[in-house]
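Structural overview for review
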Amino acid sequence: AVAGEAVACSVTASDAHRNDVRAIEAFAALDLVASKEGNTQTAARSAALDPLSGAAVYTFASLNAAGGWTISARLAGAATGHEAAVDVAPGAVAPSASSFSCVAGVVGRQRATCAVTVKDAHANAVSDTALEGLKAFLFFQESGGARVAQLGELDWSASRTTAGQYEVGFAT
């Protein structure tokens, strides 16, 4: 699953003798709840069963936080002991959620260090693999705003300090 995208789960029901129950009413009191670190969401249930499998489809509109989620079945609000895990990956790079900052006041041949934090639209740190093919270029600018020189392309894998954060050093 990817952060911000819908997640669908199919659920079948059976009676005490393990016979399939193919009636939407059998799911009336059943909820699926996704949880991760205090964040919980309840899935919406389909209005009808899948005609081939007899399953009800439960859809989580959006699991935004990246990482492992636990999906639990609850019958009339009580846990059933049935759980599944889903791993949510960060979404695409969102420039509006990412940041780039450099030390101000670098003059002459001093070394400048810049910090780049790359996140998706839901504030999840973006992995190195998601950055493959993404180009980022660094430019030197005078205080008046004129672009003086392109300093080169950022090597994402060589500059990572922690998940989603990159440090770039260059000489002016």
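Note: the structure precedes this text.
Scope of this entry: the structure provided in the associated data block. For clarity, every value in this text was computed on a predicted model and none was experimentally measured. (Residues numbered from 1 in each chain as written. Predicted model: local features only at pLDDT ≥ 70, side-chain atom pairs only at ≥ 80, totals over all residues. Heavy atoms only, no water.)

What follows is about the nonpolar core. What tends to happen in soluble globular proteins is that the nonpolar side chains get buried as a cluster. In this structure, F27, L32, Y58, F60, L63 and I71 are the most contacted members of the largest nonpolar core, which totals 20 residues. Mapped by element, the contributors of at least two residues to this core are β1 (7-11), β4 (30-36), β7 (56-60), β8 (67-75) and β9 (78-88). In this structure I71 touches C9, L32, V33, A34, F60, H82, E83, A84 and V86, once residues within four positions along its chain are discounted. (Core = buried A, V, L, I, M, F, W, Y, C linked by side-chain atoms within 4.5 Å. Buried < 20%, exposed > 50% of the residue type's maximum accessible area, 1.4 Å probe, protein only. Helix = DSSP H or I, 4+ residues; strand = E, 2+ residues; numbered from the N terminus. Contact = heavy atoms within 4.5 Å.)

Turning our attention to unusual backbone geometry. In this structure, E37 is a non-glycine residue whose phi angle is positive, near 50°. The topology assignment puts E37 in the loop between β4 and β5 (39-42). Judged by relative accessible area, which is 77%, E37 ranks as exposed. A positive phi angle, near 70°, is found at A123, a position not held by glycine. Mapping A123 onto the fold places it in the loop between β11 (111-117) and α1 (128-131).

Inspection of the secondary structure assignment puts D15 in the loop between β2 (13-14) and β3 (20-21). Put simply, D15 and A26 are 11 residues apart on the chain and 9.5 Å apart in space, counted from C-alpha to C-alpha. At a separation of 2.8 Å, a polar atom in the side chain of D15 contacts the main-chain amide nitrogen of H17. (Polar contact = N/O pair within 3.5 Å; in protein donor to acceptor, adjacent residues only side chain to side chain.)

So, about the environment of S127. Looking at the secondary structure, you find S127 in the loop between β11 and α1. Separated by 35 residues in sequence, S127 and A92 place their C-alpha atoms 9.7 Å apart.

The next subject is the pairing of β5. Relative to β5, β4 runs antiparallel, the two sharing four bridges. Each bridged residue has a counterpart across the sheet, and for S35 the counterpart in β5 is T40. If you look at the hairpin formed by β4 and β5, you'll find two residues sitting between the two strands, and E37 has a positive phi there, around 50°. (Pairing = 2+ DSSP bridges.)

Here we take up the sheet that holds β1. In space, the three strands of this open sheet follow the order β1-β7-β6, with antiparallel pairing throughout. The strands lining the two open edges of the sheet, one partner per strand, are β1 and β6 (44-45).

A few words on the sheet that holds β5. Reading across from one edge, β5-β4-β8-β9 is the order of the four strands in this open sheet, with antiparallel pairing throughout. Each edge of the sheet is formed by a strand with only one pairing partner; in this case those strands are β5 and β9. For this sheet, the mean angle separating the axes of adjacent strands, direction not counted, is 25°. (Axes fitted to C-alpha atoms, helices over the stretch in contact; angles between N-to-C directions.)

With that settled, consider the pattern of salt bridges. Across all of its chains, the model carries one salt bridge by this definition. Note that K36 and E37 form a salt bridge whose closest N and O atoms lie 3.3 Å from each other. The buried category is assigned to K36, whose relative accessible area is 13%. (Salt bridge = Lys/Arg side-chain N within 4 Å of Asp/Glu carboxyl O.)

This part takes up the side chain of D120. Its place among the elements puts D120 in the loop between β11 and α1. Lacking a salt bridge, the buried D120 has K119 as its closest oppositely charged neighbour, with an N-O distance of 8.3 Å. Among the polar contacts made by the side chain of D120, one reaches the main-chain amide nitrogen of H122 at a distance of 2.8 Å. Apart from the residues lying within four places of it in its own chain, the contact partners of D120 are A3, P90, G91, A92, A94, A97 and V126. (Lys, Arg positive; Asp, Glu negative; His and termini not counted.)

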